[in-house]
Amino acid sequence: LCNIDEVGGKNNGVMYLGDMLTWGFSMGLVVAGIVQGLNGDHLGFTSYLFHAAILGTIGYNFKLAVSLGPSAGPFHLVGFFCYAAAWFDCVFTVMAFRIAKMFGVLYATVAVMFVLVGMNFQKLMSDAKDSTDKTGDYIAGVSCLLVSLQCCYLLVPVMTGRGKLV
């Protein structure tokens, strides 16, 4: 499960991925959500807190998957939770297009990412019986990279007020 090139066996740093998602990233989103709420941005507040919760849950399941190694089976429950997150992101997409098209595009991409990550948790994009098949890992990883790059692009205009927000 998202163990590209068997990093878990060679690098102990992957063991901290679950804690990073459960606590590090999630707490950062909670703080950002509170700041957005205090600034009167209801969409930002709701979105940050919701994504903190989903990433915390995914982090918890990553810890289980890493501890089980290649024998970790499909995680159907967290996969369906990712599908629910995709649905909420579709609602956020409609709301965000009213603010700026770039935010709407970001939420739409996040919705697609959650569908792909959910499918990967359920091992629907790779052979569930072949632990060497990493097709789903690559597809989900590329979708996560795309979302990360979009977030990095939006940092400058959002934080400084400079740049182009369409």
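The notes below deal with the structure included here. As the structure is a computational prediction, the values presented were derived from the model and not from experiment.

### Considering the environment of Ile-99
Along the polypeptide, Ile-99 turns up in the loop between helix H4 (76–97) and helix H5 (101–121). A C-alpha to C-alpha distance of 9.8 Å links Ile-99 and Leu-43, two positions 56 residues apart in sequence.

### Quick look at the packing of aromatic side chains
Aromatic ring pairs are defined here through the distance separating the ring centres and the angle between the ring planes. As enumerated under the stated definition, the model contains five aromatic pairs in all. Relative to Phe-88, the ring of Phe-50 has its centre 5.0 Å away and its plane inclined at 50 degrees; by these criteria the two rings are tilted. One end of the pair, Phe-50, is in helix H3 (residues 42–68); the other, Phe-88, is in helix H4, with 38 residues separating them in the sequence. By relative accessible area, Phe-50 is classed as buried at 17%.

### Overview of unusual backbone geometry
For Lys-123, which is not glycine, the phi dihedral falls at a positive 60 degrees. For Lys-123, the location among the structural elements is in the loop between H5 and helix H6 (135–160). A residue is classified by how much of its surface remains accessible, and Lys-123, at 18% relative accessible area, is buried.

### Concerning a nonpolar patch on the surface
Where nonpolar side chains cluster on the molecular surface, the patch consists of Trp-87, Phe-88, Val-91 and Met-95 and spans about 410 Å² of accessible area. You can call Met-95 partly exposed: its relative accessible area is 36%.

### Structural notes on the environment of Val-110
With respect to the helices, strands and loops of the structure, Val-110 is situated in helix H5. On the accessibility criterion, Val-110 (8% relative accessible area) is buried. C-alpha of Val-110 to C-alpha of Gln-150: the two residues are 40 residues apart in sequence and 9.8 Å apart in space. In contact with Val-110, not counting residues within four places along its chain, are His-51, Asp-89 and Val-147.

### Points about the packing of H5 against H6
In the contact formed by H5 and H6, the axes pass within 9 Å of each other and the chain directions differ by 160 degrees. Put simply, H5 runs roughly antiparallel to H6. Note on packing geometry: the crossing formed by H5 with H6 is left-handed. Of the residues belonging to the contact of H5 with H6, the class tally is 17 nonpolar, five polar and one charged.

### A short note on helix H2 (residues 17–38)
Taking 1.5 Å per residue as the helical rise, H2 with its 22 residues ought to reach 32 Å, and the 30 Å between its terminal C-alpha atoms agrees with that figure. Along its length, H2 shows its largest kink, about 30 degrees, at Ser-26. The set of residues buried in H2 consists of Gly-18, Leu-21, Thr-22, Ser-26, Leu-29 and Gly-33. At the C-terminal side of H2, Gly-40 shows a positive phi close to 90 degrees.

What counts, and at which threshold
- Counting restarts for each chain, with residues numbered from 1 along the sequence as it is written.
- Whole-chain, interface and lining totals are the exception, using all residues; otherwise, since this is a predicted model, local features are given only for residues with pLDDT of at least 70 and side-chain atom pairs are given and counted only at 80 or more.
- Note: side-chain values were computed over all heavy atoms of the structure, leaving out hydrogens and water.
- By the criteria applied, helices consist of DSSP H or I runs no shorter than four residues and strands consist of E runs no shorter than two, each listed in order from the N terminus.
- Planes of paired rings set the category: under 30 degrees apart is stacked, over 60 is edge-to-face and the rest tilted, where pairs are Phe, Tyr or Trp rings (Trp by its six-membered ring) whose centres lie within 6.5 Å.
- Only protein chains enter the area calculation, which uses a 1.4 Å probe; residues under 20% of their type maximum are buried, those over 50% are exposed, and those in between are partly exposed.
- Each patch is built from residues that are more than 30% exposed by relative accessible area and take part in no salt bridge. Like charges join if they lie within 9 Å; nonpolar side chains (Val, Leu, Ile, Met, Phe, Trp, Tyr) join within 5 Å.
- Using a 1.4 Å probe, the Shrake-Rupley method yields the accessible areas, and only the shown protein chains count as cover for residues.
- Definition used for salt bridges: Asp or Glu carboxyl oxygen within 4 Å of a side-chain nitrogen of Lys or Arg.
- By the convention used here, residues are in contact when the closest approach between their heavy atoms is within 4.5 Å.
- Each axis is a line fitted through C-alpha atoms, and for a helix only the stretch in contact is used; angles between axes span 0 to 180 degrees, taken between their N-to-C directions.
- An angle below 35 degrees is read as roughly parallel, one above 145 as roughly antiparallel, one from 65 to 115 as roughly perpendicular, and any other as oblique.
- If you view the pair so one helix is near and one far, a crossing is left-handed when the near helix is turned anticlockwise from the far one by less than a right angle, and right-handed when it is turned clockwise.
- Under the convention adopted here, Pro, Cys and the residues Ala, Val, Leu, Ile, Met, Phe, Trp and Tyr are nonpolar, Asp, Glu, Lys and Arg are charged, and Gly plus all remaining residues are polar.
- How far a helix is expected to stretch is found by multiplying one less than its residue total by 1.5 Å.
- One axis fitted to the seven residues ending at a residue, another fitted to the seven starting there: the angle between these axes is the bend at that residue.

By themselves, these observations are geometric and do not establish any function.
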